[in-house]
Amino acid sequence: MSNKVKIVMVGPPECGKTTLTNFLSESGEVGSGEYRPTKGCRILEFEMPNVTYNNTAASVEVELWDVSGDRTYETCWPVIQRGAQGVIFVYSPGRDEHARVLDNLYTHFAEQQGVSEAQCVVFCHYKPGAKGKGAKLSTSFNKISKIDTHLDDDSGSVKRDFNDFIASVMGHMSDVVERQENFILQ
Ligand SMILES: Nc1nc2c(ncn2[C@@H]2O[C@H](COP(=O)(O)OP(=O)(O)OP(=O)(O)O)[C@@H](O)[C@H]2O)c(=O)[nH]1
Ligand SMILES: [Mg+2]
């Protein structure tokens, strides 16, 4: 199995996807203050040297797609989704209407693509000074891990949570490959 993984990050405009992808890939600005909406999509490529799944530590090449929250780019979604093995849903605390946005994104990026719950995670992203709780998400998200992300006071845990998510996706992918191999051998 290849140690490459394609992950897409989606969510409403201005919730912090570009900031999070810059932070996770250790490239670009993190919280410069100025908001520049992403046009279409950006792709960040980086290596994670130490991901443990199936009881072994491996190095994983990550392709992280930072998808614009602007729905005028929806025509690009089929290209963006192709071959994605994981989806990160991001939204902002204190914004109940974001639950509906995430529901629609779940339908398009997970359900219709056959991406399972083990391949998804939700980040409720707290910008500095952000208040409030995450919205109540629909039942589609019941089995999906939900994580609060804070870059300013606890950025280490965001890296760990992301590492755990990549491990979960890789573990899931290797189970799928194993099942396919067993099926062929039967
Ligand atoms: N300091 C700081 N600023 C943040 C953080 N997260 C987001 N911001 C700011 O909030 C604004 C919006 O963040 P972006 O990361 O551009 O949001 P986005 O989700 O990529 O937005 P679209 O590309 O339009 O979908 C920018 O001005 C960021 O600098 C954070 O953790 N810390
Ligand atoms: Mg962006």
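Attention in this report is confined to the structure presented alongside it. Because the structure is predicted, anything quoted here is derived from the model rather than measured.

This paragraph deals with the overall build of the protein chain. Counting its secondary structure elements, the protein chain contains 4 helices and 6 strands. Element order for the protein chain, N to C, with α for helix and β for strand: β-α-β-β-α-β-α-β-β-α. On C-alpha atoms alone, the protein chain measures out to a radius of gyration of 16 Å, which is about the 16 Å that the 2.2 N^0.38 rule sets for 186 residues. By principal-axis analysis of the C-alpha atoms, the protein chain measures approximately 55 × 30 × 30 Å. Taking all 186 residues of the protein chain together, the buried fraction comes to 32%.

What follows is about the environment of Gly171. Take Gly171: it is sitting in helix α4 (residues 151-185). Sequence spacing of Gly171 and Glu74 is 97 residues, and the spatial spacing of their C-alpha atoms is 30 Å. Residues in contact with Gly171, not counting those within four places in the same chain, are Tyr53 and Asn54.

With that settled, the discussion passes to the site of ligand 1. In the vicinity of ligand 1 there are 21 residues, among which Gly16, Thr18, Gly31, Thr38 and Gly69 approach most closely. Mapped onto the shell around ligand 1, the elements with two or more residues apiece are α1 (17-25) and α4. For the shell around ligand 1, the class distribution of residues is 6 nonpolar, 9 polar and 6 charged.

The strand order across the open sheet formed by 6 strands is β2-β3-β1-β4-β5-β6, and the pairing between neighbours is mixed. Bordering the open sheet on either side are β2 (41-53) and β6 (145-150), each of which pairs with just one other strand. When strand polarity is set aside, the average angle formed by the axes of neighbouring strands in this sheet is 25°. The pairing of strand β1 (residues 4-10) with strand β4 (residues 86-91) spans 4 bridges and is parallel. Along β4, the bridge assignment pairs Val8 with Val87. With respect to the sheet, helix α3 (residues 98-109) is in contact with β1 and β4, its orientation differing from that of β4 by roughly 165°. Against the sheet, α4 makes contact with β1, β2, β3 (56-67), β4, β5 (120-126) and β6, and its axis sits at roughly 80° relative to β2, the strand it touches most.

Below, the discussion takes up the pairing of β2. Moving residue by residue along a regular strand, the side chains alternate between the two faces of the sheet. Sheet topology note: the β2/β3 ladder contains 11 bridges and is antiparallel. Bridged to Met48 within β3 is Val60. The turn joining β2 and β3, which pair antiparallel and follow one another in sequence, is formed by 2 residues; a positive phi near 50° is taken by Asn54.

This brings us to unusual backbone geometry. Even without being glycine, Glu14 reaches a positive phi, approximately 70°. By the element assignment, Glu14 lies in the loop between β1 and α1. For Glu14, a count of 14 C-beta atoms within 10 Å puts it in the partly exposed group. A positive phi angle is found at Asn54, which is not glycine, with a value near 50°. Relative to the helices and strands, Asn54 resides in the loop between β2 and β3.

About the cut-offs
- Residues numbered from 1 in each chain as written.
- Chains lettered and ligands numbered in written order.
- Predicted model: local features only at pLDDT ≥ 70, side-chain atom pairs only at ≥ 80, totals over all residues.
- Helix = DSSP H or I, 4+ residues; strand = E, 2+ residues; numbered from the N terminus.
- Rg over C-alpha atoms; globule rule 2.2 N^0.38 Å.
- Buried ≥ 20, exposed ≤ 12 C-beta atoms within 10 Å, placed from the backbone.
- Contact = placed C-beta atoms within 7 Å.
- Near = placed C-beta within 6 Å.
- Nonpolar A, V, L, I, M, F, W, Y, C, P; charged D, E, K, R; others polar.
- Pairing = 2+ DSSP bridges.
- Axes fitted to C-alpha atoms, helices over the stretch in contact; angles between N-to-C directions.

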